[in-house]
Amino acid sequence: MNIGILGTGFGAYHASLFASMEEVNRIVVFGRNEAKLQELKADLGVDITTSIDEVITDSSLDLIDICLPSTLHSKYAAEALKAGKNVFCETPVCLNSEDAQAMRQAEKTYGKRIFVNQFIKLDHAYSYLYEAVHSGQYGKLLRVCLKRETAPLWGDLGLSKIAANLMIHDLDFVTWLLGNPSLSAVWGTGGGKDGQALVVAGFNTSDVSAEIIVSSQMPGNYPFTVGYEAYFEQAKLVFEESDYADGSIDATLYEYGASGKQEITLDKLNPYEKSLRYALQTFHSGGESIISLEHAANAAEAAFEITRRLT
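Just so you know, these numbers come straight off a predicted model, no measurement behind them.

1. A closer look at the pattern of salt bridges
A pair can form between side chains of opposite charge whenever their charged atoms are brought close. Scanning all chains against the criterion turns up 13 salt bridges. For Lys274, the salt bridge is made with Asp267, and the minimal N-O distance between the two is 3.6 Å. Ionic pairing is found between Glu305 and Arg308, a salt bridge with its closest N-O pair at 3.0 Å. Here Arg308 and Glu305 lie together in helix α9 (residues 293–310), a separation of three residues that amounts to about one turn. Classification of Glu305 by relative accessible area gives partly exposed; the value is 25%. Salt bridges here are not isolated pairs; linked through shared partners, they connect Glu23, Glu273 and Arg277.

The following block contains the structure:
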């Protein structure tokens, strides 16, 4: 399989992952920074170009991986689809409803597919929760609360940006888990700090209550932290992962049930790599995909509505 990558920011990381996959034969990377391109060529043996059209029109490529700013995703996804390529797209997939609709229409018009890097669905802790809910092993899910917390390290994550750029991953999961539930409540504050926010979003179905809490205003030495608490009829699951500045990671998933507290062993596989591999598998099989554009667009629309209510 041959892959074209647009962008040398996060695209460089994608290139390193694809380069380790046996089924990938050739990688072409587009970028504007010649030094970065030459470094990638030397390190990974990829082909490089400063012409984006050269990548999109290359008839030997099967998949275009878009790692450009989100404002450009819709434009270049449509061009790639028109050129007969399938697309893998970084998150957030788009930043407004018009682009989401344009990407949906491009899929229909050109008969090709867009896969979106909804890596949270391939993270073992979250896939375990999904399977637990749908297998009924703990009885019915009653409530789930997800969190995502970071120090202000990633640029503007204030009230107008945080839903699309930080909460989007948890929205990917909740809309998948509960079948695109209705947004019931939104609360947020900037705490008087530019580019920072604390936001809570609630979702309800007839059987389940869900809540997402995100913060970009944690203290500077606070580890990047994600997790959830899931309440079932017969048990509770508690997951927390903390990523520290030195590169160390603490991740635990506990089950509290009839037998007491039990730790669930989590695999150490990289969910980003799993997401890329899953995209290649569904590209080949042509089957249903849990990282489809439609799934991602549902989460994106929830993010847009949250932003509208906050601003």
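Next, the rest of the story.
2. What to know about the layout of surface pockets
Estimated volume of the second largest pocket: approximately 160 Å³. Lining the second largest pocket, in full, are Glu107, Lys112, Arg113, Ile114, Gly287, Glu288, Ser289, Ser292, Leu293 and Glu294. Along the lines of polarity and charge, the residues of the lining of the second largest pocket split into two nonpolar, three polar and five charged.

3. Side note on the pairing of strand β5 (residues 86–89)
Burial along β5 is two-sided: Asn86 and Phe88 and Val87 and Cys89, pointing in opposite directions, are all buried. Note that strand β4 (residues 63–66) and β5 share four bridges and pair parallel. Looking at β5, one finds that Ile64 is bridged to Val87. Where the polypeptide runs from β4 across helix α4 (residues 73–82) and back to β5, its parallel neighbour, the crossover connection is right-handed. Relative to strand β6 (residues 114–116), β5 runs parallel, the two being bridged by three bridges. Across the sheet, the residue bridging to Val87 is Ile114, located in β6. The β-α-β motif built from β5, the intervening helix α5 (residues 97–110) and the parallel element β6 has right-handed crossover chirality.

4. A look at α4
Along an α-helix, a turn takes 3.6 residues, which lines up residues three or four apart on a common side. Along α4, the positions that sit buried rather than exposed are His73, Ser74, Tyr76, Ala77, Ala80 and Leu81. Among the residues trailing α4, Gly84 stands out with phi positive, at a value near 90°.

5. Here we look at the sheet that holds strand β7 (residues 141–149)
Reading across from one edge, β8-β9-β10-β7-β11-β12-β13-β14 is the order of the eight strands in this open sheet, with mixed pairing throughout. Of all strands in the sheet, those with a lone pairing partner are β8 (182–189) and β14 (260–263), marking the two edges. With strand direction ignored, the average angle separating the axes of adjacent strands in the sheet is 10°. Relative to strand β13 (residues 249–257), strand β12 (residues 236–243) runs antiparallel, the two being bridged by eight bridges. Among the inter-strand pairings, Val238 is bridged to a residue of β13, identified as Tyr254. Contacting β7, β9 (198–204), β10 (209–215) and β11 (224–232), helix α7 (residues 162–177) runs over the sheet at an angle of about 160° to β10.

Analysis parameters
- Residues numbered from 1 in each chain as written.
- Predicted model: local features only at pLDDT ≥ 70, side-chain atom pairs only at ≥ 80, totals over all residues.
- Heavy atoms only, no water.
- Salt bridge = Lys/Arg side-chain N within 4 Å of Asp/Glu carboxyl O.
- Helix = DSSP H or I, 4+ residues; strand = E, 2+ residues; numbered from the N terminus.
- Buried < 20%, exposed > 50% of the residue type's maximum accessible area, 1.4 Å probe, protein only.
- 1 Å grid on protein atoms, 1.4 Å probe; cavity = no way out; pocket = protein on both sides within 12 Å on 5 of 7 lines; lining within 4 Å.
- Points joined across faces, edges and corners; volume = space filled by probe spheres on them.
- Nonpolar A, V, L, I, M, F, W, Y, C, P; charged D, E, K, R; others polar.
- Pairing = 2+ DSSP bridges.
- Right-handed = clockwise from strand over helix to strand, strands pointing away.
- Axes fitted to C-alpha atoms, helices over the stretch in contact; angles between N-to-C directions.
- Contact = heavy atoms within 4.5 Å.

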